[in-house]
Amino acid sequence: MTFEDLNLNKPLLQALTDLDFVYPTPIQKQAFPVIMSGRDVVGIAQTGTGKTFAYLLPILRQLTFSDQIEPRALIVVPTRELVVQIEGEIKKLTKYSYIRSAGVYGGGNINTQKQTLYEGVDIVVATPGRLLDIVLHGALRLHSVQKFVIDEVDEMLNLGFRTQLRNLMDVLPARRQNIMFSATLTSDVEALINDTFNTPDKIEVTPHGTPIEKIIQKSFHVPNFFTKANLLELLLKTDNEMNKVLVFVKTKRMADRLFEIIANKFPDQIGLIHSDRTQSSRLHAVQNFDNGTHRVLIATDVIARGLDITDVSHVLNFDTPDESADYIHRIGRTGRADKDGIAITFSTSQERGYKAAIEELMNRTIDVEKLPEDLVVSTVFLEEEKGPVLFDKHYLKAPSIKNSKGAFHEKKESNKKVNSGSGKRDSKNPKKKKYQRPKY
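Since we're looking at a predicted model, the values are computed, not measured.

Asks: I tried to follow the packing of aromatic side chains on my own but got confused; where do I start?
Replies: Each aromatic ring pair is specified by the distance between its two centres and by the angle formed by the two planes. Under the defined criterion, the tally for this structure stands at seven aromatic pairs. A centroid spacing of 5.5 Å and a plane angle of 75 degrees characterise the contact between Phe-21 and Phe-53, whose relative ring orientation is edge-to-face. Linking Phe-21 in the loop between helix 1 (10–18) and helix 2 (26–37) with Phe-53 in helix 3 (residues 51–62), this pair joins segments that are 32 residues apart in sequence. Of the residues examined, Phe-53 reaches a relative accessible area of 7% and is grouped as buried. Between Tyr-55 and Phe-181, the ring centres sit 5.5 Å apart and the planes meet at 45 degrees, which makes this aromatic pair tilted. Residue Tyr-55 is found in helix 3, and its partner Phe-181 is found in strand 6 (residues 177–182); the two are separated by 126 residues along the sequence. For Tyr-55, a relative accessible area of 0% translates into the label buried. Looking at Lys-244, its charged tip hangs above the ring of Phe-289, at a distance of 5.7 Å from the centre. Across the ring face of Phe-225, the terminal group of Arg-257 is positioned such that the distance to the ring centre comes to 5.6 Å.

Here you go:
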């Protein structure tokens, strides 16, 4: 089956031809007729299976030219990077049509975004917080929205957007088509579906043929952070096939720390992205990595979902994620578009349990590689890597009191004075005023 077999118009088919897309993915084939029917849809598919086009193609197929100001389709995503990416995909697909789109996200100039929306759009792609700000300011009305899409909904709920999503749904028209796409179907996602969707059709792509099967997975057992940094440096120096490496770390602090160590040893080859970086630096980091300017991108899970970065040769888990699903999303950045990929995971003794849980989820074992002989093993542990202290000496030994005089001792001279209570002027200090009752 090709895109020619779907009910697509000539502008969309020509745009897909320009992109060299011929065959729809399973999620695209299954979702297209259901979304075209107007029914509510819940799509469950792993990262890298073409979910974005699965909802964009039927939505664009049904949109016709209009000069109205208010948008007719709304797409909500968890991160700014996803807004930029999806809006870019819409531009590619609408190359030969007159469909207007705009991206709205925090960190950008809100006045510029308001002006773009005021001029009129057909599709708005937005993060929930900035979208609500613009709606509450009266710069955008959503009463004409016919298609409402929530992409990466499980990640959106994890990031704390539950209240904002519900507030957003309250201002949308009651008669609309709800479309939700997610990589996992958690209890929170199911609760949101039950509360807001109208007997949706569920489309779930089976794990067979997903990127997991095309990815070579291996791991190293490493004692601590600094040894991990040394191993990463050694692999980058010795493995020429590591030409586009996405390195995932657990926290922003750890990302900054690793960047400081590695960037000096590989000048102009390392990028960094996490939520504390400015919007421009985040976009530049993704662009420089995607176009090959940077060989390595150090990132937190802020970009583990949704972003389509092409030709990633390796995904390196600098830490083993404590959520097994996060591991799947991370390594899904490689092995895309029928290409092979390699995923490498570093695990300390504290992280071995997380690794076992990941293996149980995938029903396969991640091979453990032998550490290189020339690897420098550090004996320095970070505070967060040190185990809890079970018996602290401070709790076992009472503190000593120097120069103690016991419970009873002579009073100081200043404490031996007796207050006579007479209230008369002190004869020894004639300037001292007598206590007087306050005047009212």
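Asks: Please explain the sheet that holds strand 1 (residues 41–44) as it appears in this structure.
Replies: Strands pair in a sheet through their backbones, by hydrogen bonds, and they do so in one of two ways: parallel or antiparallel. Ordered in space as 3-4-2-5-6-1-7, the seven strands form an open sheet in which the pairing is parallel. Each end of this open sheet is capped by a strand with a single partner; those strands are strand 3 (101–104) and strand 7 (201–204). Within the sheet, the average angular offset between the axes of one strand and its neighbour, ignoring direction, is 15 degrees. Pairing analysis gives four bridges linking strand 1 to strand 6, with the strands arranged parallel. Counted as the bridge partner of Val-42 is Met-180 from strand 6. Each of strand 3 and strand 4 (123–126) is contacted by helix 5 (residues 110–118), which is oriented at about 155 degrees to strand 3, the strand it contacts most.

What counts, and where the lines are drawn
Residues numbered from 1 in each chain as written. Predicted model: local features only at pLDDT ≥ 70, side-chain atom pairs only at ≥ 80, totals over all residues. Heavy atoms only, no water. Phe/Tyr/Trp six-rings, centres within 6.5 Å; stacked < 30°, edge-to-face > 60°. Helix = DSSP H or I, 4+ residues; strand = E, 2+ residues; numbered from the N terminus. Buried < 20%, exposed > 50% of the residue type's maximum accessible area, 1.4 Å probe, protein only. Lys NZ or Arg CZ within 6 Å of the ring centre and 35° of its normal. Pairing = 2+ DSSP bridges. Axes fitted to C-alpha atoms, helices over the stretch in contact; angles between N-to-C directions. Contact = heavy atoms within 4.5 Å.

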